[in-house]
Amino acid sequence: MGTIHVVLNYLGTPIPKKYLECLRDGNDHSSDFEYRMICHVLELPAEHLPREVLDRYVEVSGKESYTAIFPHTDKLFERFLVPFKSAKRTYCLGEYLACIELSAHLGEMLALLLWKITPISLNGKPVDAQMEKSIWGSEFEKMGQEKRIDLLKVFSAISNEEEQLLDFLRATRRKYFHFWNASTEHIKDDALECFLNVAALVQKVLKIEYENGVVKLNPLLEAYLATHKNAP
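Residues numbered from 1 in each chain as written. Predicted model: local features only at pLDDT ≥ 70, side-chain atom pairs only at ≥ 80, totals over all residues. Heavy atoms only, no water.

1. Focus on the overall build of the protein
Per the secondary structure count, the protein includes ten helices and six strands. For the protein, whose C-alpha radius of gyration is 19 Å, the value lies close to the compact-globule estimate of 17 Å for 232 residues. For the C-alpha atoms alone, the extent of the protein along its principal axes is close to 70 × 50 × 30 Å. The proportion of buried residues among the 232 residues of the protein is 46%. The contacts of the protein with a sequence gap of at least 6 include a subset with a gap of at least 24, amounting to 67%. For the protein, the accessible area works out to roughly 12,500 Å², and carbon and sulfur atoms hold 51% of it. Within the protein, the 33 negative side-chain charges are centred at a point lying 4 Å from the centre of the 28 positive side-chain charges. (Helix = DSSP H or I, 4+ residues; strand = E, 2+ residues; numbered from the N terminus. Rg over C-alpha atoms; globule rule 2.2 N^0.38 Å. Buried < 20%, exposed > 50% of the residue type's maximum accessible area, 1.4 Å probe, protein only. Contact = heavy atoms within 4.5 Å. Areas by Shrake-Rupley, 256 points an atom, 1.4 Å probe, with all protein chains shown as cover. Lys, Arg positive; Asp, Glu negative; His and termini not counted. Charge placed at Lys NZ, Arg CZ, Asp CG, Glu CD.)

2. Examining helix α5 (residues 96–117)
The terminal C-alpha atoms of α5 lie 31 Å apart, and with 22 residues this matches the ideal 32 Å at 1.5 Å per residue to within 8%. For α5, the tally of buried residues reaches 16 of 22 residues, placing the bulk of the element in the interior. (Expected span 1.5 Å × (residues − 1).)

3. Some details on the packing of α5 against helix α8 (residues 160–178)
Helices that pack against each other are described as a pair by the angle of their axes relative to one another and the distance between those axes. Between α5 and α8, the shortest axis-to-axis distance is 9 Å and the interhelical angle comes to 140°. Taken together, α5 and α8 sit at an angle that is classed as oblique. Considering how the two elements wind past one another, α5 and α8 form a crossing that is left-handed. Between α5 and α8, the contacting residues are Leu97, Ile100, Glu101, Ser103, Ala104 and Gly107 on the first element and Leu166, Leu169, Thr172, Arg173, Tyr176 and Phe177 on the second. Within the contact of α5 with α8, the residues separate by chemical class into seven nonpolar, three polar and two charged. (Axes fitted to C-alpha atoms, helices over the stretch in contact; angles between N-to-C directions. Parallel < 35°, antiparallel > 145°, perpendicular 65-115°, else oblique. Left-handed = near helix turned anticlockwise from the far one by under 90°. Nonpolar A, V, L, I, M, F, W, Y, C, P; charged D, E, K, R; others polar.)

4. What to know about the environment of Lys85
With respect to the element layout, Lys85 can be found in helix α4 (residues 74–92). Along the sequence, Lys85 and Leu102 sit 17 residues apart, while their C-alpha atoms lie 9.5 Å from each other. Residues in contact with Lys85, not counting those within four places in the same chain, are Tyr10, Leu11, His40, Val41 and Glu43. Within the structure, Lys85 has its side chain in polar contact with the backbone oxygen of His40 (distance 3.1 Å). (Polar contact = N/O pair within 3.5 Å; in protein donor to acceptor, adjacent residues only side chain to side chain.)

5. Quick look at the pattern of salt bridges
Two side chains of opposite charge can pair, provided their charged atoms sit close to one another. Taken as a whole and judged by the stated rule, the model has eleven salt bridges. The salt bridge partner of Lys85 is Glu43, with a shortest N-O separation of 3.5 Å. Of this pair, Lys85 sits in helix α4 while Glu43 sits in the loop between α2 (33–42) and α3 (51–59), and the two are 42 residues apart along the sequence. Salt-bridge contacts for Glu43 lead to Arg89; the nearest nitrogen and oxygen are separated by 3.4 Å. (Salt bridge = Lys/Arg side-chain N within 4 Å of Asp/Glu carboxyl O.)

See below:
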């Protein structure tokens, strides 16, 4: 693949908790890189945010969930990067239901992307939308997420760990959005785990690496982007 268009630090960067104390010292921090990252993600002036919002920002901005570079196409940006940033912002703002919903949406987008980039064949023939409908009664895109995850596992498009991460997102969304009697006692913890699961899946699925000025992706994704740059 000759050229990969990317966006940098779209979800911000890891920020140490001690930096939050600087925001209360009465000085102008608008030129600080950390300040600008917080404002970019939360879309609000950092110095006016409650401490608990900033604490949650630090909580979801650790090194383990940090991805510096994302490949960029109009479709990836619209379908994935925008809601990914929204999921982080809603968690920080304490909108836990919204974070769970957005994270589950991202899980679905990742499942769809994996199906698109993975060569799937039956009896030596590539599986297309018509075959999906004939064999499984529905195109993959129109299936429920549980069935999608099952098919991705059957065709070895995901590992056991990735299956568990995707299924947690699916099941957590279902618990909070489909059951009247579901307890909300642990909603903050569930929202945090949902977001971190998405961040982990992004690292596992996209396999983004940067070395000596060269960006490398999951070879399957590279091949897909090379032939679907303008795909709907």
